[in-house]
Protein chains: 2
Amino acid sequence: MGRGSTEPGGPEAGLAAVRVRLDIGYDGTGFSGWARQPGRRTVQETLEDAHADLPADRWAAAGPAAVRRLARLLPPDVRVHRAVLAPPGFDARFAALWRRYAYRVCDDPALADPLARHRTLWHRSLLDLEVMNQAALACLGEHDFAAYCRRRAGASTVRTLLRLDWARTGPAVAEATVVADAFCHNMVRALVGAMLKVGEGSRPPGWPAEVLAARARDPAVPVVPPHGLCLEEVGYPADAGLAARATAARHLRAAPTA
Amino acid sequence: MGRGSTEPGGPEAGLAAVRVRLDIGYDGTGFSGWARQPGRRTVQETLEDAHADLPADRWAAAGPAAVRRLARLLPPDVRVHRAVLAPPGFDARFAALWRRYAYRVCDDPALADPLARHRTLWHRSLLDLEVMNQAALACLGEHDFAAYCRRRAGASTVRTLLRLDWARTGPAVAEATVVADAFCHNMVRALVGAMLKVGEGSRPPGWPAEVLAARARDPAVPVVPPHGLCLEEVGYPADAGLAARATAARHLRAAPTA
């Protein structure tokens, strides 16, 4: 599940090369992630199919009308909330300063809300948020998160974890707020998996930071299921800083991990 | 969708005739309503199946353990949040003083939240809550709600509507709060259907009260879909008043409508 920004279809519309910033919301349940994959339903493909007959320049000009038109064309599990001409230098991925994710866990299966079950992990036993927050503190800052990522050749796994904390937000609901400059694949779900081990008492509070320092995937860290995860917000610099940020981030992410 | 109380399985457990009050939550999407029906999946049947091997007296004695055990036996779209020995005179249906429902409508399909789509009606056009609230006021009080109910032989359609108002609770989300001593079949969904006609401007604010006064189903009133509806709370009197309330309500509901 996620909310965020993206910029499909500027160039591929085949007319004036304008870039449109789409602020979108989607329910990830019925998708195989964001990026186009042969034979799979993805968010990118669904969005591109819906705007295939809508040239980018007319779209930007139409403004709110384009958004209403997309609301009729798109399936109900994807919505385009806003479509505006993107400022120069805007790049949904590389110009971002930070991403904020939430991960929701219900830690009492009897108190669980059936209506929220598609966006909340049900965990068998009570979680001690105090020790989880203690464990989280030790992981903050710039680190090589290789231990919590699926590795990709030629890509850095160094990230800056800006925030990771847990709070109770409902009856038997614990919610993690996770903010970083960027995330590697599976990073939030692996970090949450390690925290749950601490919260249920099967690992000590220092364990997630030890795993981090070892810089290698540890099979004892479970990657929690995707349905509890939601990309809540992506932060961008002011327009004047977009291009510089995108250049810097591209350089950083491509750097081989030392 | 709904939350409420019920008392299945006191007598049918075949042991001591204790009555257990269950506070439950369920997602109505996968059920054909509450009551057992041949060949259909209903909430009552699902609950009774889960406690078939759990005698009522042991259940009441077990307390929290029974609730945890039920959490393992029940499917994820039904939860028993609490199970306690019911006080004398308790009757989930007839001892209730009032029921509170919510009905959620998103009135901008572009701003709609895909994650909330299973519990929110998406309406094409912007709703004017001010005229809807004006329309609602004229329906409050004790009336024969035959115009907003599916009739059943031998049952009164007189009800007391205690509250019906609309408020914005999120981006493009309008939420109705509907409270009555009791409701006839389809009553909330028909009342909401009439209000939407007013809110979108296709009927004047006085129309829902005119329909009410006519005491006959009006085909111009749409019964809105069930997925926006949620039974939020049921109110009961203090223990000492339960039996008297149940007797009075049984008497009232069976009275032929004058």
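Cut-offs and rules
- Residues numbered from 1 in each chain as written.
- Chains lettered and ligands numbered in written order.
- Predicted model: local features only at pLDDT ≥ 70, side-chain atom pairs only at ≥ 80, totals over all residues.
- Heavy atoms only, no water.
- Helix = DSSP H or I, 4+ residues; strand = E, 2+ residues; numbered from the N terminus.
- Buried < 20%, exposed > 50% of the residue type's maximum accessible area, 1.4 Å probe, protein only.
- Contact = heavy atoms within 4.5 Å.
- Areas by Shrake-Rupley, 256 points an atom, 1.4 Å probe, with all protein chains shown as cover.
- Least-squares fit on C-alpha atoms with pLDDT ≥ 70 in both.
- Core = buried A, V, L, I, M, F, W, Y, C linked by side-chain atoms within 4.5 Å.
- Pairing = 2+ DSSP bridges.
- Buried area = accessible area lost by both parts, 1.4 Å probe.
- Salt bridge = Lys/Arg side-chain N within 4 Å of Asp/Glu carboxyl O.
- Polar contact = N/O pair within 3.5 Å; in protein donor to acceptor, adjacent residues only side chain to side chain.
- Expected span 1.5 Å × (residues − 1).
- Arc of directions from axis to C-beta.
- Phe/Tyr/Trp six-rings, centres within 6.5 Å; stacked < 30°, edge-to-face > 60°.
- Lys NZ or Arg CZ within 6 Å of the ring centre and 35° of its normal.

Structural notes on the overall build of chain A
Along the backbone of chain A there are seven helices and nine strands. Every one of the 258 residues in chain A was classed for burial, and the buried ones make up 51%. Contacts spanning at least 24 positions in sequence make up 67% of the contacts within chain A whose residues lie at least 6 apart. As displayed, chain A has an accessible area near 11,800 Å², and 55% of this comes from carbon and sulfur atoms.

Some details on the relation of the copies chain B and chain A
Mapping chain B onto chain A calls for a rotation angle of 180 degrees and an axial translation of 0.0 Å; the resulting RMSD is 0.0 Å. Such values leave the two copies arranged in the relation of a two-fold axis. Across chain B, the rotation axis passes nearest the C-alpha of A116(B), at a separation of 4.6 Å. When the interface residues of chain B are mapped onto chain A, 100% of them again fall at the interface, so both copies present the same face.

Topic: the nonpolar core
Residues and elements named next belong to chain B. Y148, W166 and L196 are the most contacted members of the largest nonpolar core, which has 51 residues in total. Looking at this core, the elements with two or more residues in it are β4 (98–106), α4 (129–137), β7 (158–170), β8 (173–180), α5 (187–199), α6 (207–214), β9 (229–235) and α7 (242–254). Sequence-distant contacts of Y148, that is, excluding residues within four places in its chain, are made with H185, N186, M187, A190, L191, A194, P208, V211, L212, R217 and V221.

Focus: the pairing of strand β4 (residues 98–106) of chain A
All names here are of chain A. The buried count for β4 comes to seven of nine residues, which makes it a mostly enclosed element. Where β4 meets strand β5 (residues 121–122), two bridges bridge the pair, whose relative direction is parallel. Its bridge partner being in β5, V105 is matched across the sheet by L121.

Considerations on the interface of chain B and chain A
Each partner contributes to the interface: chain B provides 27 residues, whereas chain A provides 27 residues. Between chain B and chain A, a total of about 2,200 Å² is buried, with carbon and sulfur atoms accounting for 59% of that surface. On the chain B side of the contact with chain A, A110(B), P114(B) and L115(B) bury the most area, a combined 25% of that side's loss. Where chain B meets chain A, there are four salt bridges. A salt bridge links D27(B) to R117(A); the shortest N-O distance between them is 2.8 Å. At the boundary of chain B with chain A, the tally comes to six residue pairs in polar contact (both at pLDDT 80 or more). Per-element tally for the side of chain B that touches chain A: the top contributor is strand β3 (residues 78–85) of chain B, with four residues.

Remarks on α7(B)
All names here are of chain B. Relative to the 18 Å expected for 13 residues at 1.5 Å per residue, α7 spans 18 Å between its end C-alpha atoms, a close match to the ideal helical length. For α7, the complete set of buried residues consists of L242, R245, A246, A249 and R253. Buried positions in α7, seen along its axis, are confined to an arc of 100 degrees and lie on one side of it. What points out from α7, more than 90 degrees from its buried face, is the exposed set A244, T247 and H251.

Let's talk about the packing of aromatic side chains
By the definition in use, this model includes six aromatic pairs over all chains. Aromatic pair F90(B) and Y236(B): ring centres 4.9 Å apart, planes at 50 degrees, arrangement tilted. Highlighted residues: F90(B) in the loop between β3 and β4 and Y236(B) in the loop between β9 and α7, separated in sequence by 146 residues. Side by side, F90(B) and Y236(B) carry an identical accessibility label, which is buried. Seen in terms of ring centroids, Y101(B) and F183(B) are 5.1 Å apart; in terms of plane orientation they differ by 85 degrees. Their pairing is edge-to-face. Here Y101(B), found in strand β4, pairs with F183(B), found in the loop between β8 and α5; they are 82 residues apart in sequence, far enough to count as distant. Since its relative accessible area comes to 18%, Y101(B) is described here as buried. Relative accessible area serves as the criterion here: at 15%, F183(B) is assigned to the buried category. Here the basic side chain of R203(A) rests over the ring of W207(A), its NZ or CZ set 4.4 Å away from the ring centre.

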